[in-house]
Amino acid sequence: MRIYMEICVLALLTCNVQSTQLWWETMSLYQVYPRSFMDSDGDGIGDLKGIEQRLGHLVDSHIDAFWLSPIYKSPMIDYGYDASSFTEIDKIFGTNEDFENLVKAAHKRSLKVIMDFVPNHSSDQHDWFQKSVKGIEPYTDYYVWHKGHKINGTIKEPNNWRSVFGGSAWTWNEQRQAFYLHQFGITQPDLNYRNEKLSDEMKNILRFWMDKGVDGFRIDATPYIFEDERFLDEPLSGISDMNDYAYTISIYTKDQPKNYELMKEWRKVVDNYSDKVDHIPRVMMVEAYANISMTMKYYESGINFPFNFILMDIKNSSTAQDIKNIVDQWMLNMPQGATSNWVTGNHDNPRLVSRIGLHRALAVTTMALLLPGISVTYNGEEIGMVDTPINTTDPSRFRDPVRSPFQWDNSTSAGFSSNLQTWLPVNENYKTLNLEFEKAAGESYYNYYKDIASLRKIPSVRKGNLKIKILKNDILAFSRKYKGQKSVYVVINLNNFTQFVNLNKFEKTSSQITLYKATPGTDLISNCLIKSNKVRIPPNATVVLIAKEH
């Protein structure tokens, strides 16, 4: 299998894209991090009314749908990924009525709304957990409990399972006289889906939010939902630090077969709802940091797509061949007829420009927008925001630099809030790195993003075939073609010097081709005709070209 894969990734990749598509299969998806998007009431924290005020930006940016990071009622120890209620909006974001108003306003603008669903765990402040601790039915087994092992008069943990956040995945509860499992934070006890009543509760929560008008769900941390019920020790990895998650090899706590079975059940719930209510298909997507084979299994479980984080593997040092291999890895492993997607960043990882620099960030952005399937943009990436230096000694706050407030303009707090004190500091570069400034500039990250995103509406990008190839001297090229329609070509120069490319050696095309757009900072003129056998690609530039069908 390894030999076969090596041959495949080095070969020319040509992929056919299905022509019949549902609304979500070609969407531009935008992640809104609500705390940092827009503050409407001046408390320094973003909220739902603020998001509603800024929906115009999403429309202008050719966005089709947005998903909201958690807005549930929560003690906010993990900023909403620790829900104390799965059916209430936290007051810092607004009310359930505010949410309903946001959904209605979005739908009026033809924007779809995706809800973040966090099913692996709740907060320890959730009413279910409080009752489970006390042994009150039917909540007694809503969570994963274990009495532990008594050795020489001392109660020991059930096994050696580690928490993703470090240390043991077990914590002793004195009142219950048992350990509870938490694959994440100590205040995030894992729910027990082997309990049918708990499983039914979570299905009802899906129905609750569909009643509110949501168009689908992004499901968090799916690989961790089920654990092996034998509670066996996991094999050791050889890492000596017991506080490191990688201390064990997670064969019993991750990627269990029942995770995929549960996805099938939720697919039925969502589809049955759509069939009975409005006959509009709803999308289901999962966050699954897993190996490629385990990730692809989500397609087979009825999930529309698992998030594809593979573009986030691109580094400053990546060659054209490295990047092609990354794309091939997803496209060659994806089931026939499935829909691909391309993620460039999110709330858990350093921002794209901070990771790989401006030129490569623009190249990766172009790829995400023009490769087949769904593009996913984390808020702020469309204007090239960078990580905000934030001093903290709290290890749980390591992701704060990527979560700083959106930079709308050069007014107070970058236009995010009327309050000088925001929940995280605004990046000091906001005076010139902001949406208003970039919209007015002739060349800017945002204007480039917007122009490239507009191509997603044309047939060759929506449903055209993909051909990707390494040209000479570290140049990557790919095309999107659809019969009878204009073709789109992308050429990425990873060199520090100018290159000339003969596109006819990549794919036979007309003698003249339109240079649609080049990344900012080059001297190339947009929308001019050039010879296809001698296309000049400036250093570190990405060039997008359009040709009539040949």
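See above for the structure.
To start, this report covers the structure provided alongside it. Each chain has its residues counted from 1, following the order in which its sequence is written. Residues qualify for local features only when their pLDDT is at least 70, as the model is predicted, and side-chain atom pairs are given and counted only at 80 or more; totals for whole chains, interfaces and linings, by contrast, use all residues. Each side-chain value is worked out from all heavy atoms of the structure, with water and hydrogens disregarded.

1. Observations concerning the overall build of the chain
The helix count covers DSSP runs of H or I at least four residues long, the strand count covers runs of E at least two residues long, and both are numbered beginning at the N terminus. Check the secondary structure of the chain and you find 15 helices and 24 strands. Here the globule rule reads 2.2 Å times residues to the power 0.38, and the radius of gyration is calculated from C-alpha atoms. Relative to the globule expectation of 24 Å for 550 residues, the C-alpha radius of gyration of the chain, 24 Å, shows essentially globular dimensions. Each residue's exposure class comes from its accessible area (1.4 Å probe, protein chains only) as a fraction of the maximum for that residue type: buried when under 20%, exposed when over 50%, partly exposed otherwise. Within the chain, buried positions represent 59% of all 550 residues. Within the chain, counting contacts between residues at least 6 apart in sequence, those at least 24 apart form 68% of the total. When the accessible surface of the chain is totalled, it reaches about 22600 Å², and 50% of it is carbon and sulfur. The average position of the 61 basic charges and that of the 64 acidic charges among the side chains of the chain differ by 8 Å. Contacts are assigned to residue pairs with any non-hydrogen atoms lying within 4.5 Å of each other. With residues, only the protein chains shown are counted as cover, and all accessible areas are computed by Shrake-Rupley using a 1.4 Å probe. Note on charges: Lys and Arg go in the positive column, Asp and Glu in the negative column, and His and the chain ends are not counted at all. For charged residues, the charge sits on one atom: NZ in Lys, CZ in Arg, CG in Asp, CD in Glu.

2. Some details on the pattern of salt bridges
Oppositely charged side chains can pair when the atoms bearing their charge come close. Salt-bridge detection follows one rule: a side-chain nitrogen of Lys or Arg within 4 Å of a carboxyl oxygen of Asp or Glu. Enumeration according to the criterion identifies 24 salt bridges in this entry. Here Arg-399 makes a salt bridge to Asp-78, at a shortest N to O gap of 3.2 Å. One end of the pair, Arg-399, is in the loop between β16 (374-378) and α13 (435-440); the other, Asp-78, is in the loop between β4 (72-73) and β5 (85-89), with 321 residues separating them in the sequence. The pair Arg-399 / Asp-78 is uniform in exposure class, with both members buried. A salt bridge links Arg-399 to Asp-348; the shortest N-O distance between them is 3.0 Å. Taken as a pair, Arg-399 in the loop between β16 and α13 and Asp-348 in the loop between β15 (341-343) and α11 (352-356) lie far apart in primary sequence, 51 residues in all. By sharing partners, the salt bridges in this structure join Asp-78, Asp-348, Arg-399 and Arg-403 into a single network.

3. A word on the sheet that holds strand β3 (residues 65-68)
Taking strand neighbours across the sheet as the criterion, the 8 strands line up as β14-β13-β12-β6-β3-β2-β16-β15 in an open arrangement whose pairing is parallel. With one partner strand each, in any of the chains shown, β14 (305-306) and β15 form the two edges of the open sheet. One requirement defines pairing of two strands: DSSP has to find at least two bridges between them.

4. Quick word on helix α8 (residues 257-277)
Multiplying 1.5 Å by the residue count of a helix minus one yields the expected span of that helix. When the terminal C-alpha atoms of α8 are compared, their 31 Å separation across 21 residues agrees well with the 30 Å that a helix rising 1.5 Å per residue should span. Burial in α8 covers these residues: Asn-259, Tyr-260, Leu-262, Met-263, Trp-266, Arg-267, Val-269, Val-270, Tyr-273 and Ser-274. With its buried residues spanning 165 degrees around the axis, α8 presents them on a single face. Pointing more than 90 degrees away from the buried face of α8 are the exposed residues Pro-257, Lys-268 and Lys-276. If you follow the buried residues of α8, they end up packed against β6 (112-117), α7 (196-211), β12 (216-219), β13 (283-286) and α9 (292-300). At the exit of α8 stands His-279, carrying a positive phi of roughly 60 degrees. To be clear, the arc concerns the directions from the helix axis to the C-beta atoms.

5. Things to note about the packing of α9 against helix α10 (residues 320-333)
Running from N to C, α9 and α10 cross one another at 45 degrees; their axes reach a closest spacing of 10 Å. Taken together, the axes of α9 and α10 are oblique relative to one another. Relative to α10, α9 is oriented so that their crossing is right-handed. Contacts between α9 and α10 involve Ile-292, Thr-295, Met-296 and Tyr-299 from the first element and Gln-329, Trp-330 and Asn-333 from the second. Think of it as three bins: nonpolar holds Ala, Val, Leu, Ile, Met, Phe, Trp, Tyr, Cys and Pro, charged holds Asp, Glu, Lys and Arg, and polar takes everything else, Gly as well. Of the residues contributing to the contact of α9 with α10, the split by class is 4 nonpolar, 3 polar and no charged. Fitting a line to C-alpha atoms yields each axis, with helices limited to the stretch in contact; the angle taken between N-to-C directions then spans 0 to 180 degrees. Here the angle decides the label: under 35 degrees means roughly parallel, over 145 means roughly antiparallel, 65 to 115 means roughly perpendicular, and every other value means oblique. A clockwise turn of the near helix away from the far one marks a right-handed crossing, whereas an anticlockwise turn of less than a right angle marks a left-handed crossing.

6. A look at unusual backbone geometry
Backbone torsion omega between Glu-137 and Pro-138 reads 5 degrees, so that peptide bond is classified as cis. Tracing the sequence through the fold places Pro-138 in the loop between α6 (127-133) and β7 (145-146). Of note in the backbone geometry, Ala-221 takes a positive phi value of approximately 50 degrees without being a glycine. Along the chain, the position of Ala-221 falls in the loop between β12 and α8. Positive phi outside glycine occurs at Phe-231, with the angle close to 55 degrees.

7. Brief notes about the nonpolar core
What we call a nonpolar core is a set of buried Ala, Val, Leu, Ile, Met, Phe, Trp, Tyr and Cys residues that are connected through their side-chain atoms within 4.5 Å. Ranked by internal contacts, the top residues of the largest apolar core, which has 139 residues, are Leu-29, Phe-66, Phe-99, Trp-128, Phe-217, Trp-266 and Leu-370. Of all the elements, helix α12 (residues 358-370) adds the most residues to this core, at 8 residues. Contact partners of Trp-266, with chain neighbours within four places excluded, come to Phe-117, Pro-119, Tyr-193, Lys-203, Leu-206, Ile-219, Ile-225 and Met-284. Residues Val-501, Ile-513, Leu-515 and Ile-530 belong to the second largest nonpolar core, which totals 18 residues.

8. Let's talk about the pairing of strand β2 (residues 28-32)
With respect to burial, β2 is a largely interior element, 5 of its 5 residues being buried. A two-sided burial pattern is seen for β2, the buried positions comprising Ser-28, Tyr-30 and Val-32 on one face and Leu-29 and Gln-31 on the other. Strand direction decides the pairing type here: β2 and β16, joined by 4 bridges, are parallel. Its bridge partner being in β16, Gln-31 is matched across the sheet by Tyr-378.

9. A word on the packing of aromatic side chains
Only centres within 6.5 Å qualify two rings of Phe, Tyr or Trp (six-membered ring in Trp) as a pair; their planes then separate them into stacked at under 30 degrees, edge-to-face at over 60, and tilted for everything else. In the structure shown here, the tally under the stated rule is 35 aromatic pairs. Taking 5.8 Å as the distance between ring centres and 85 degrees as the angle between the ring planes, the aromatic pair formed by Phe-305 and Phe-307 counts as edge-to-face. Of the residues examined, Phe-307 reaches a relative accessible area of 4% and is grouped as buried. Three or more aromatic residues joined by ring pairs make a cluster, and in this case those are Tyr-72, Phe-86, Phe-99, Trp-128, Tyr-139, Tyr-142, Phe-208 and Trp-209. Two conditions define a charge located above a ring, namely a distance within 6 Å from the ring centre to NZ of Lys or CZ of Arg, and an angle within 35 degrees of the ring normal. Above the plane of the ring of Phe-500 lies Lys-534, whose end atom (NZ or CZ) is 5.4 Å from the centre.

10. Quick notes on the environment of Gln-407
Mapping Gln-407 onto the fold places it in the loop between β16 and α13. On the basis of relative accessible area, Gln-407 is assigned to the buried category, the value being 1%. Distance from Gln-407 to Ile-71, taken between C-alpha atoms, is 21 Å for residues 336 residues apart in sequence. Ignoring anything within four residues of it in the chain, the contact list for Gln-407 reads Ile-383, Met-385, Ala-414, Val-426, Asn-427, Asn-429, Tyr-430, Leu-433, Asn-434 and Leu-435.

11. Here's the deal with the environment of Glu-287
Here Glu-287 lies in the loop between β13 and α9. Take Glu-287: its relative accessible area is 7%, and that puts it in the buried class. Taking the C-alpha atoms as reference, Glu-287 lies 8.7 Å from Asn-308; in sequence the two are 21 residues apart. If we skip the residues at most four places from it in the chain, Glu-287 touches Arg-218, Ile-219, Asp-220, Ala-221, Thr-222, Pro-223, Phe-307, Phe-309 and Asp-348. For Glu-287, the side chain forms a polar contact with the side chain of Arg-218, separated by 3.4 Å. Under the rule applied, a polar contact is a pair of N or O atoms within 3.5 Å (in protein, one hydrogen donor and one hydrogen acceptor; residues adjacent in sequence only if both atoms are side-chain atoms).

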